[in-house]
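Residue strings, one per chain:
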Amino acid sequence: MSESKPPRIGDLPREEWTPEAREVFAFWGEPNAYEEGSKTHMTMTMAQHPQLAIAYNTFGKHILLTSTISVRPRELIVLRCAWHLKCGYEWHYHVKYGLAAGLTIEEIAAIREGPASPVWDGKEEDRLVLSAVDELIKNSI
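Residues numbered from 1 in each chain as written. Predicted model: local features only at pLDDT ≥ 70, side-chain atom pairs only at ≥ 80, totals over all residues. Heavy atoms only, no water.

Participant: Would you take a moment to explain the side chain of Arg22 for this structure?
Facilitator: Structurally, Arg22 can be placed in helix H1 (residues 19–26). With near-sequence residues (within four places) excluded, Arg22 lies in contact with Arg14, Trp17, Tyr34 and Glu35. (Helix = DSSP H or I, 4+ residues; strand = E, 2+ residues; numbered from the N terminus. Contact = heavy atoms within 4.5 Å.)

Shown next, in the form of structure tokens:
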């Protein structure tokens with residue numbers, strides 16, 4: 001994930017900022033985003049298709065805020081998926097969320113190794129969550 005590549009799709013140009021696109025910028029409550037655009041590239045790209053972006057963000061908000069999966073296993077799932085799929089954006093943001101969910105720096109580092117890491121000794125639920133992610137990804141490709 002350390003390789004930095006230029007984005008394949010650029011941000012929505014300022015001259016195309018419609019009220020609907022500005023709603024996308026402001027969706028997550030980022031200060032002044034409606035007026036100035038979002039600081040995140042993903043949001044600025046998604047704003048090219050406001051209806052899709054709002055639907056995607058609504059789904060994401062459900063997963064993050066009202067999901068029936070507890071916070072710790074949810075962050076293990078997201079981080080393990082991000083590692084497998086080399087998604088630096090998700091990894092970057094969810095390390096912070098993982099720490100807030102009670103994961104330690106050592107556990108977050110061990111997510112890269114997967115369920116076989118000795119960090120998960122005595123943490124069977126965490127090991128099972130990571131194993132489930134690995135199995136789902138292996139069988140879906």
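Participant: I keep staring at unusual backbone geometry and nothing clicks. Help me out?
Facilitator: Glycine aside, residues mostly have negative phi, and peptide bonds are mostly found in the trans state. Even without glycine at this site, Asn32 takes up a positive phi of about 60°. Relative to the assigned elements, Asn32 resides in the loop between H1 and helix H2 (33–36). A relative accessible area of 45% means that Asn32 is categorised as partly exposed. (Buried < 20%, exposed > 50% of the residue type's maximum accessible area, 1.4 Å probe, protein only.)

Participant: So what exactly am I meant to see when it comes to the side chain of Ser38 here?
Facilitator: Considering the arrangement of structural elements, one finds Ser38 in the loop between H2 and helix H3 (41–46). In terms of polar contacts, Ser38 uses its side chain to reach the side chain of Glu30, at 2.7 Å. In this structure the side chain of Ser38 is engaged in a polar contact, spanning 3.0 Å, whose partner is the side chain of Thr40. Sequence-distant contacts of Ser38, that is, excluding residues within four places in its chain, are made with Phe25, Glu30, Ala33, Thr43 and Met44. (Polar contact = N/O pair within 3.5 Å; in protein donor to acceptor, adjacent residues only side chain to side chain.)

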